[in-house]
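Working through the structure, step by step
Here is how the chains run, residue by residue.
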Amino acid sequence: MAGGGAAARGLARVGQRARAAGWGRPLGPEETLGLLEASVVQREGALLALSKPPGLPVLGRPGELSLVMLLPALRRRLGLPAELHVVKAPARECSGLVLLSGCHRATEQLQRFFTNARRRGQYPATYHAVTVGVPAEAEGEIRTGLCWQRQGDTAAVVPVPAPGRRSLARKEVKSTLTRYRVLGAAGGCALLQLQPRTAFPEQLPVHLTLLLCPALGDHEHSSRVGRVLGVPFLLPPEAAPTRTQVLDEELRCRLGLSLQQLRHLPLHIHLQQLVLPQGPLCAPPPPTFLRTLQRLGLPEHREP
């Protein structure tokens, strides 16, 4: 049930059109719909799987283009009889596998399957991420508490290294765990496999900052990793305001990015695989992700 060959070819075609449109120009509804249609990975019974581009929210804010807004039109284009609803999808800024269903019973069964898998200590979701920096250890686990914290007029996800029992019991803080493995490294960057055991908003990018290896394109949390004489260190969130990710000139040139384009560099975290009751289902990375791997000399594809 791996899937992905036709989707990869479709993504390549649409990716060429997206690149021709220029960096930073958001795709309109018709272009996004065409991208989703071309990125279908699997159609089996009531289930439909596709690969979402980075930056597309599942629900979105009022008036904002979102996946849910496009589902009725996508269903008509694909000639599907039933209304589609989301079973599993990556966060707004991430790319990767979206699992849709036209059957409420199948949706509930799959959601129970994912919940039970995590409770049994399994890792049903596997992500790939390009990081600025290479972890000191080739594989390991990232464990920390996470919570929402007010910072001025906004709220941010911050780590809580040693959460107390009361804060955990009151669900003010959640214990989180991500398993990681280095799949390849070149020129100070790495391709990581990430398998979250828990689910919390922005868990993966925050966990990567704790490795001192922020995700490429992370304009939200990467400022928490500072450098002195090339040595990375962790800054407290309150001392690291949100800003466009800072890349040294050599890395920016290898990526072929101007300073203006850097502001629109998408987050390089991709939901690569979901393990379903029928077996694993994979989705190819988007064209921007693949182009980055090529420019950095990182492996283009490796199964989890």
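Report on the accompanying structure.

Definitions and limits used
Starting afresh in each chain, residues are numbered from 1 along the sequence in its written order. Selection of residues for local features in this predicted model requires a pLDDT of at least 70, selection of side-chain atom pairs for listing and counting requires 80 or more, and totals for whole chains, interfaces and linings are taken over all residues. To obtain the side-chain values, all non-hydrogen atoms of the structure were used and water was disregarded. Strands are runs of DSSP state E lasting at least two residues, helices are runs of H or I lasting at least four, and both sets are numbered from the N terminus onward. Only protein chains enter the accessibility calculation, which uses a 1.4 Å probe; a residue is then buried when its area is under 20% of its type maximum, exposed when over 50%, and partly exposed in between. Contacts are assigned to residue pairs that have any heavy atoms within 4.5 Å of one another. N or O atoms within 3.5 Å of each other form a polar contact, as long as, within protein, one can give a hydrogen and the other can take it, and as long as residues adjacent in sequence are counted only when both atoms are side-chain atoms. Definitions used throughout: a 1 Å grid over protein atoms alone; a cavity as a set of points that fits a 1.4 Å probe which cannot get out; a pocket as an open set with protein on both sides within 12 Å along at least five of seven lines; a lining residue as one with an atom within 4 Å of a point. Grid points are joined across faces, edges and corners, and a volume is the space filled by probe spheres set on the points. Here the nonpolar group is Ala, Val, Leu, Ile, Met, Phe, Trp, Tyr, Cys and Pro; Asp, Glu, Lys and Arg are the charged ones; every other residue, Gly included, is treated as polar. We define the nonpolar core as a collection of buried residues of types Ala, Val, Leu, Ile, Met, Phe, Trp, Tyr and Cys that are connected through side-chain atoms lying within 4.5 Å of one another. Two strands are counted as paired when DSSP detects at least two bridges linking them. A patch consists of residues whose relative accessible area exceeds 30% and which take part in no salt bridge; residues with like charges are grouped when within 9 Å of each other, and nonpolar side chains (Val, Leu, Ile, Met, Phe, Trp, Tyr) when within 5 Å. Where accessible areas are quoted, they stem from the Shrake-Rupley method and a 1.4 Å probe; at the residue level, only the protein chains shown are allowed to cover. Note on definitions: salt bridges are taken to be side-chain nitrogens of Lys or Arg within 4 Å of carboxyl oxygens of Asp or Glu. Inter-axis angles, ranging from 0 to 180 degrees, are taken between N-to-C directions of lines fitted to C-alpha atoms, where helices are fitted over the stretch in contact. Under this scheme an angle from 65 to 115 degrees is roughly perpendicular, one under 35 degrees roughly parallel, and one over 145 degrees roughly antiparallel; angles in between are oblique. Should the near helix be turned anticlockwise from the far one by less than a right angle, the crossing is left-handed, and should it be turned clockwise, the crossing is right-handed.

With that out of the way, let us pick up the overall build of the protein chain. Broken down by element type, the protein chain carries nine helices and 13 strands. Taken along its principal axes, the extent of the C-alpha atoms in the protein chain is 60 × 50 × 40 Å. Looking at the protein chain as a whole, 47% of its 304 residues are labelled buried. Taking the contacts inside the protein chain whose residues are at least 6 apart along the sequence as the reference set, 66% of them involve residues at least 24 apart.

The residue His 268 is located in the loop between helix H8 (259-262) and strand S12 (269-276) in this model. Engagement of the side chain of His 268 in a polar contact is seen with the side chain of Thr 292, the distance being 2.8 Å.

Here the second largest pocket is characterised by a volume of approximately 430 Å³. Taken together, 21 residues make up the lining of the second largest pocket; nearest its centre are Val 132, Arg 227, Val 246, Leu 247 and Asp 248. Residue assignment for the lining of the second largest pocket shows that the elements contributing at least two residues are strand S10 (225-228) and helix H7 (249-255). For the lining of the second largest pocket, the class distribution of residues is eight nonpolar, eight polar and five charged.

The next subject is the nonpolar core. In terms of nonpolar packing, the biggest core is built from 29 residues, with Leu 97, Leu 99, Leu 194, Leu 208, Ile 269 and Leu 274 touching the most fellow members. Among the secondary structure elements, those contributing two or more residues to this core are strand S2 (47-52), strand S4 (95-101), helix H4 (104-119), strand S5 (125-132), strand S9 (189-196), helix H6 (203-210) and S12. For this core, the element with the most residues is S12, which contributes four residues. What Leu 99 contacts, discounting residues up to four positions off in sequence, is Leu 48, Ala 49, His 85, Val 86, Val 87, Lys 88, Leu 110, Phe 114, Leu 274, Leu 276 and Leu 281. Counting 17 residues, the second largest nonpolar core, distinct from the first, contains Val 132, Leu 183, Leu 251 and Leu 293.

Before going further, it helps to spend a moment on the pairing of strand S8 (residues 174-186). As defined by bridge partners, strand S6 (residues 139-151) adjoins S8 across eight bridges and the pair is classed as antiparallel. Considered in S8, the bridge of Arg 143 is made with Leu 177. Strand direction decides the pairing type here: S8 and S9, joined by eight bridges, are antiparallel. Residue pairing in the sheet places Thr 178 in a bridge with Pro 196 of S9.

Our next topic: a nonpolar patch on the surface. On the surface, a nonpolar cluster with roughly 340 Å² of combined accessible area is contributed by Val 228, Leu 229 and Phe 233. Tracing the backbone shows Val 228 in strand S10.

We now examine helix H9 (residues 287-296). Pro 287, Phe 289, Thr 292, Leu 293 and Leu 296 are the residues of H9 that are buried. Where H9 ends, the next residue or the one after it, Gly 297, has phi of about 75°, a positive value.

Another aspect to go through is the packing of helix H2 (residues 29-38) against helix H3 (residues 67-78). The interhelical angle for the contact between H2 and H3, taken along N-to-C directions, is 60°, at an axis separation of 10 Å. In terms of orientation, H2 and H3 fall into the oblique class. Pair H2 / H3 crosses with right-handed handedness. Where H2 abuts H3, its residues Pro 29, Glu 30, Thr 32, Leu 33, Gly 34, Leu 36 and Glu 37 lie against Leu 67, Leu 70, Ala 73, Leu 74, Arg 77 and Leu 78. Among the residues forming the contact of H2 with H3, the class breakdown is eight nonpolar, two polar and three charged.

On inspection of all chains with the given rule, the structure shows six salt bridges. The salt bridge involving Arg 77 is made with Glu 37; its shortest N-O contact spans 2.9 Å. Residue Arg 77 is found in helix H3, and its partner Glu 37 is found in helix H2; the two are separated by 40 residues along the sequence. For Arg 77, a relative accessible area of 38% translates into the label partly exposed. In this structure, the salt-bridge partner of Glu 64 is Arg 61, at a minimum N-O distance of 3.5 Å. Using a relative accessible area of 21% as the deciding quantity, one classes Glu 64 as partly exposed. On the basis of relative accessibility, which here comes to 54%, the residue Arg 61 falls in the exposed class. When salt bridges with common partners are traced through the structure, they connect Glu 30, Glu 37 and Arg 77 into a single cluster.

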